[in-house]
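# Structure at a glance
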Amino acid sequence: MTLDLATIWALIIAVAVFAYVVMDGFDLGIGILFPVFAVGKERDQAMNAIAPVWDGNETWLVLGGGGLFAAFPLAYAIVMPALYPPIIAMLLGLVFRGVAFEFRWRDPGHRRFWDFAFTAGSVTAAFSQGIVLGALLQGVKVVGRAYAGNWLDWLTPFSLLTGASVVVGYALLGACWLIAKTEGGTQEHAYRLARQAGMLTLAAIAAVSAATPFLEHDYYHRWLTYPGILLTAPVPVLVAILSIVFWRALMAKAQMQPFLLALGIFLLSFVGLGISFYPYVIPTSITIWDAAAPANSQVFMLIGVSIMLPIIIGYTGWAYWVFRGKVGDGYH
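All residue numbers refer to positions counted from 1 along the written sequence of the respective chain. The predicted nature of this model means local features are confined to residues of pLDDT at least 70 and side-chain atom pairs, given and counted, to a pLDDT of 80 or more, with totals for whole chains, interfaces and linings taken over all residues. As a convention, hydrogens and water are excluded, and side-chain values are obtained from all of the structure's heavy atoms.

## What about the confidence of the model for the protein chain?
Fine structural detail should not be taken from predicted coordinates in areas where pLDDT scores are low. Convention followed: A residue's pLDDT is the predictor's confidence in that residue, given on a scale from 0 to 100. The numbering of helices and of strands both runs from the N terminus, where a helix is a DSSP run of H or I of at least 4 residues and a strand a run of E of at least 2.
Mean pLDDT over the protein chain stands at 87; residues scoring 70 or higher make up 97%. For the protein chain, per-element mean pLDDT is lowest for helix α10 (residues 219-224), which scores 73, and highest for helix α8 (residues 157-181), which scores 94.

This is the structure:
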């Protein structure tokens, strides 16, 4: 891999997307699981577990989307018209979730409605993100330098599978976060949910991994033929090892380890996506070099990112440090 400007920007956007997935993923996961929590203490503790950080987690979505627009404008111009419906659904879901989060405390007379909006927004956002991932993996029809497909090309059994997979994966992150942040009955409930979501997540990873090599692109040759298999084989092996360790951590009632191990499984899955995508930003159609902005623009933006990225990491880390520890009762 040549470390030029386009590759550096691809890595920056990949880091931003992964940071968003793991950070906003666990609070979306809590929203997905919200209906199964008991009304009252359990739901209040689940909300309080993410209250200090949920809004800041979405910074990474802005960085990833803004970075794609600025550094790879051609890719942005193709991806957006190809995926307008799921992207609009994702944004509306995030809006509903955010409004519900705030109004749940301020309008207790309609709390049941806001709880429903919180769950519906979380499920919609997560499912839409998974559909976007699946649509990109299966390919976007490009002619020349423009999207040439139809309004619903993104809607396929494979994209629905990836959408459902992201929902159960986020639910796993949410359950593991509650294990680390709560105590008593809420934590015990979170352990049970983590076991259920863990099995579903591993099944989803297996299903998507089995289906991806048989899409129209060259995924099969990258993953299952020699010599590529020598580089790709460690990914599923490490996923299997981490899954075993994760399960043992749950059985041992560990506190923070399940969340960290779940993040490790997500990271390996993200590495697998990188293996499938690179060097394309739109598989087999547009490479990162085809889509890249002019070098002068990339250098100018890179100066700004080199200043702002450490600040974002710093205040994010500080927020998590200040609100470390278990969630107490009676606070919001």
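## Concerning the pattern of salt bridges
Side chains that differ in charge, positive against negative, can pair when their charged atoms come close. What counts is decided by this rule: Salt bridges, as used here, are contacts in which a Lys or Arg side-chain nitrogen is within 4 Å of a carboxyl oxygen on Asp or Glu. Each residue gets one of three labels from its accessible area relative to the maximum for its type: buried under 20%, exposed over 50%, partly exposed in between, using a 1.4 Å probe on protein chains only.
With the rule as written, the count across this model stands at seven salt bridges. As a salt-bridge pair, D44 and R104 come within 3.1 Å of each other at their nearest N and O atoms. One end of the pair, D44, is in helix α2 (residues 41-50); the other, R104, is in helix α6 (residues 84-106), with 60 residues separating them in the sequence. D44 sits in the partly exposed class, given a relative accessible area of 22%. A network of salt bridges, in which partner residues are shared, links R43, D44, R104 and D115.

## A short note on α8
The criterion, for reference: A helix's residues, less one, multiplied by 1.5 Å, set its expected span.
The first and last C-alpha atoms of α8 sit 36 Å apart over 25 residues, in line with the 36 Å expected at 1.5 Å per residue. α8 sits mainly inside the fold: 20 of its 25 residues count as buried.

## Focus on the nonpolar core
Most often, soluble globular proteins have nonpolar side chains that are buried together. Going by this rule: Side-chain atoms within 4.5 Å are what join buried Ala, Val, Leu, Ile, Met, Phe, Trp, Tyr and Cys residues into a set we call a nonpolar core. Contact definition: two residues touch when any of their heavy atoms are within 4.5 Å.
Counting residues in hydrophobic clusters, the biggest one holds 58 residues, and the most contacted among them are I50, W60 and Y170. With 12 residues, the top contributor of residues to this core is helix α1 (residues 5-33). The contacts of W60, once residues within four sequence positions are left out, are A16, A19, Y20, M23, L309, I312, I313 and T316. One finds A71, F72, L83 and I131 within the second-largest nonpolar core, a separate group that totals 37 residues.

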